[in-house]
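# Structural characterization, general
Below, each chain spelled out in residue letters.
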Amino acid sequence: SEGGVPLEVSNDGYDWTSAGYVFAYQTSAELDYITPRQGSVSGGSLLRLTGTDMPNTEVLSCRVGTISRVASRWLSATSTSCYLPAHADGVVPMGLQSHAADYAMYDVFYTYIPPPNITSLYPTRGPVRGGTRVTMEGVNFPSTGRVVCRFGTTPVAALQRTATQVVCASPALK
């Protein structure tokens, strides 16, 4: 439970200071899961962390692998968010700081992945009405999660995908 106690010091265990300082005990935030669970090594993704006992204080922050004090935005006692920093590719543990001195790391992980790279596409033209199946070849296409193509400013969900190929249908030209 939470509460405060006086904190004093002694040289001999009998005579104590009377400075009047209080040490406060607080429950620690707990992290249960995050969304999304993966993103680009470039960082910048907004991560939502869900758990319990998240305090609405300036101390609440995220820890991403070994990167401490990543600014967070308190949403509720069960949710906070932070923008992910850039990081090398790989899996990193996630943590929360809910007190000035402590970080708690959890069995919750985020996977940094290299950004996709298109090396070729076919066909390169299609009708104004849309509907052309465009095949893109490349590397680092995600094997899980949602894949989206963007034609100009119009996003469309991928129809098919592998680690080296994505197929999307062109939307009508606006």
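Up top you'll find the structure we're talking about.
Here we take up the sheet that holds strand 12 (residues 133-139). The pairing of strands in a sheet happens through backbone hydrogen bonds and is either parallel or antiparallel. Taken in spatial order, the four strands make up an open sheet running 11-12-16-15, and their pairing is antiparallel. The two strands at the open ends of the sheet, each matched to only one other strand, are strand 11 (117-122) and strand 15 (160-161). Pairing of strand 12 with strand 16 (residues 165-169), which is carried by five bridges, proceeds in the antiparallel orientation. What sits directly across from Thr135, in strand 16, is Val167.

Here the focus is the packing of aromatic side chains. The description of an aromatic ring pair rests on the distance of the ring centres and on the angle between the ring planes. Taken as a whole and assessed by the stated rule, the structure comprises two aromatic pairs. Residues Phe23 and Tyr25 carry aromatic rings whose centres are separated by 4.9 Å and whose planes lie at 80° to one another, so their mutual orientation is edge-to-face. Among the residues examined, Tyr25 registers a relative accessible area of 47% and is labelled partly exposed. Plain terms: the ring middles of Tyr110 and Tyr112 are 5.0 Å apart, the flat faces sit at 75° to each other, and that makes the pair edge-to-face. With relative accessibility at 1%, the residue Tyr112 sits in the buried group.

By secondary structure assignment, the location of Ala169 is in strand 16. Among the residues examined, Ala169 registers a relative accessible area of 25% and is labelled partly exposed. For Ala169 and Ile67, which are 102 residues apart along the polypeptide, the C-alpha to C-alpha distance reads 40 Å. Not counting the four nearest positions on each side in its chain, Ala169 is found in contact with Thr132, Arg133, Phe151, Val156 and Leu159.

Our focus in this paragraph is unusual backbone geometry. Here the bond from Thr35 into Pro36 is cis, since omega is -5°, no more than 30 degrees from zero. Residue position: Pro36 is located in the loop between strand 3 (30-35) and strand 4 (38-40). Residues Tyr122 and Pro123 are joined by a peptide bond in cis, for which omega reads -10°. Mapped onto the elements of the fold, Pro123 is located in the loop between strand 11 and strand 12. Despite not being glycine, Asp53 has its phi angle at roughly 55°, a positive value. Tracing the backbone shows Asp53 in the loop between strand 5 (46-52) and strand 6 (61-64). With phi around 65°, Asn140 is a residue other than glycine that occupies positive phi space. Mapped onto the secondary structure, Asn140 falls in the loop between strand 12 and strand 13 (148-151). Note on Asn140: relative accessible area 35%, which makes it partly exposed.

Procedures and definitions
- Residues numbered from 1 in each chain as written.
- Predicted model: local features only at pLDDT ≥ 70, side-chain atom pairs only at ≥ 80, totals over all residues.
- Heavy atoms only, no water.
- Pairing = 2+ DSSP bridges.
- Helix = DSSP H or I, 4+ residues; strand = E, 2+ residues; numbered from the N terminus.
- Phe/Tyr/Trp six-rings, centres within 6.5 Å; stacked < 30°, edge-to-face > 60°.
- Buried < 20%, exposed > 50% of the residue type's maximum accessible area, 1.4 Å probe, protein only.
- Contact = heavy atoms within 4.5 Å.

Honestly, that's just the spatial picture; any functional story needs more than this.
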